[in-house]
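Residue-level listing of the chains:
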Amino acid sequence: MIAHYGYQDAEGEFFITIDTDRCGRCDGKPCVAACPRGVFTVEEDPYGDTVVAVDDRRRKRLRYECAGCKPAGDRPSLPCVRACPWGAMTHSW
Amino acid sequence: MMMAPRQEYWRWAEGSWADPDRHWKDARVVTLGIDVGSVSSEAVVCLDGELYAFSTVRTAAGSVESAENAMKGVFERTGLRFDDIHYVVGTGYGRVNLPFAHKAITEIACHGRGANYMGGPSVRTILDMGGQDCKAIRVDERGKVTNFLMNDKCAAGTGRGMEVIADLLEVPIEELGPRSFDIDEEPAAVSDVCVVFAKSEAMARLKDGWSKNKVIAAYCRAMAERVAALLQRVGVEPEFFITGGISKNIGVVRRIEEIIGVKALPTPYDTQIAGALGAALFAHALYLKARGKPQAA
């Protein structure tokens, strides 16, 4: 399943996309610990797979939650994306 | 001086239904799905995995109260009691607060399952236009979600936005869709990024001399453009199915179809109950699974 967490508003589209089929194969879920803002949580999806999701409390503030990892100049690869061994995560902005 | 009570143009009809040709006492498994949404709450009863009865009410201040109101409607209609139900699944915005539900399942998964039942296994893309959010969902032939996106940051493109416009224009909400076609020329959309901006813009257009119908058309187009953008993010594959209260607004539905170039699948069912129906179908599968009779959950 491709899960898009985030929102679209007057400022643009701010979605973190997780491929839960890939995510479900990962035991350690290192992206959760890699995020300095605690954006991610681990949950069981409706089909019984244990996957990473964006925390409900942070879903509508992603632009601001992720801002620290997205400087305007030279942008390093994102800690969450870098930590994911399965390449299951992307950001839309 | 007594003031006449103000008409509530946004208020949609609550109601209940039960299949007159069936009786729950003849069923082996009776399951209940409860969808507590931000604007409406629905209770659906399935007998052996088939739709039997439902009730739709306006969501109250609390999730439990809303669920109880919805259940009361379906119980009064059918003569069922809570003790007659084998398994209960809660879904929707208030699903985590339902102490009597055996399990809570996301509304994304429940709408996928409900749309699969209503539209059949050929349904691949679902648009749920709810009270305060909008979801674009892709499913497989069993109704299992393969791709989804939910936008609940803003009321634009949701039922609440439509209620605001109904009240502003003093037009009953069920008349908005048909009246949006009673115009000489399709107007440009009003703001589609914020319901407050859209309301201000609608008021400005009225002052410019636009007819109410033209303003309604501009708002319906704004909603259609907004949700079409969400749909395009997950990709549209026929068959296309629309659930949620706004699916009853033909003015929005026809404009979405025009933008994405795909017709929505017709259905005899009330698509507002898709989430609760999906929950009741999950409840049926989960009950059988718990009893050692595996079903696709």
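The coordinates are above.
First, a word on what this report is: a plain description of the structure on this page. (Residues numbered from 1 in each chain as written. Chains lettered and ligands numbered in written order. Predicted model: local features only at pLDDT ≥ 70, side-chain atom pairs only at ≥ 80, totals over all residues. Heavy atoms only, no water.)

## Section: the overall build of chain A
- Scanning chain A from terminus to terminus reveals 4 helices and 5 strands.
- Secondary structure elements of chain A, listed N to C terminal, follow the sequence β-β-α-α-β-β-α-α-β.
- Against the compact-globule benchmark of 12 Å for 93 residues, chain A has a radius of gyration of 13 Å, which places it among compact chains.
- Along the first, second and third principal axes, the C-alpha atoms of chain A reach 40 × 25 × 20 Å.
- Of all 93 residues assigned to chain A, the portion counted as buried reaches 43%. (Helix = DSSP H or I, 4+ residues; strand = E, 2+ residues; numbered from the N terminus. Rg over C-alpha atoms; globule rule 2.2 N^0.38 Å. Buried < 20%, exposed > 50% of the residue type's maximum accessible area, 1.4 Å probe, protein only.)

## Re helix H3 (residues 159-169) of chain B
Residue and element names in this part refer to chain B.
- Of all the 11 residues making up H3, 8 are buried; the element is thus mostly covered by neighbouring parts of the structure.
- Listing the buried residues of H3 in full gives Gly 159, Gly 161, Met 162, Glu 163, Ile 165, Ala 166, Asp 167 and Leu 169.
- Among the residues trailing H3, Glu 170 stands out with phi positive, at a value near 55 degrees.

## Quick look at the sheet that holds strand S2 (residues 30-36) of chain B
All names here are of chain B.
- Pairing in this open sheet of 6 strands is mixed, and the strands run S1-S4-S3-S2-S5-S6 from one edge to the other. A single partner strand is all that each edge strand has here, and the edge strands are strand S1 (15-18) and strand S6 (103-104).
- Sheet analysis places S2 next to strand S5 (residues 87-91), joined by 5 bridges and oriented parallel. Bridging from a neighbouring strand, Leu 32 pairs with Val 88 of S5.
- Where helix H1 (residues 63-78) meets the sheet, its contacts fall on S1, S2, strand S3 (40-47) and strand S4 (50-58), and the angle it forms with S4 comes to roughly 130 degrees.
- Against the sheet, helix H8 (residues 274-290) contacts S2, S3, S4, S5 and S6, and its axis sits at roughly 140 degrees relative to S2. (Pairing = 2+ DSSP bridges. Contact = heavy atoms within 4.5 Å. Axes fitted to C-alpha atoms, helices over the stretch in contact; angles between N-to-C directions.)

## Digging into the packing of aromatic side chains
- The final tally for this structure, using the stated rule, is 6 aromatic pairs over all chains.
- Each ring, one from Tyr7(A) and one from Phe14(A), has its centre 5.4 Å from the other, and the planes form 45 degrees; the classification is tilted. Each member of the pair Tyr7(A) and Phe14(A) is classed as buried.
- Here Phe82(B) and Phe100(B) contribute two aromatic rings whose centre-to-centre distance is 5.9 Å and whose plane-to-plane angle is 75 degrees, an arrangement assigned as edge-to-face. Note that Phe82(B) is positioned in the loop between H1 and S5 and Phe100(B) in the loop between S5 and S6, a separation of 18 residues in sequence.
- Since its relative accessible area comes to 31%, Phe82(B) is described here as partly exposed.
- With a relative accessible area of 18%, Phe100(B) lands in the buried category. (Phe/Tyr/Trp six-rings, centres within 6.5 Å; stacked < 30°, edge-to-face > 60°.)

## What about the sheet that holds strand S1 (residues 2-9) of chain A?
- Strand order in this open sheet of 7 strands is S5(A)-S2(A)-S1(A)-S9(B)-S8(B)-S7(B)-S10(B), and the pairing throughout is mixed. Two strands bound the open sheet, and with one partner strand each, they are strand S5 (89-91) of chain A together with strand S10 (240-243) of chain B. Each strand of the sheet is rotated relative to its neighbour by a mean of 15 degrees, with strand direction disregarded.
- Relative to strand S2 (residues 12-19) of chain A, S1(A) is paired through 8 bridges, and the arrangement is antiparallel. Note that in S2(A) the partner of Tyr7(A) across the bridge is Phe14(A).
- Those strands touched by helix H2 (residues 107-119) of chain B are strand S7 (125-129), strand S8 (134-139), strand S9 (145-151) and S10 of chain B, and its axis lies near 60 degrees from that of S8(B).

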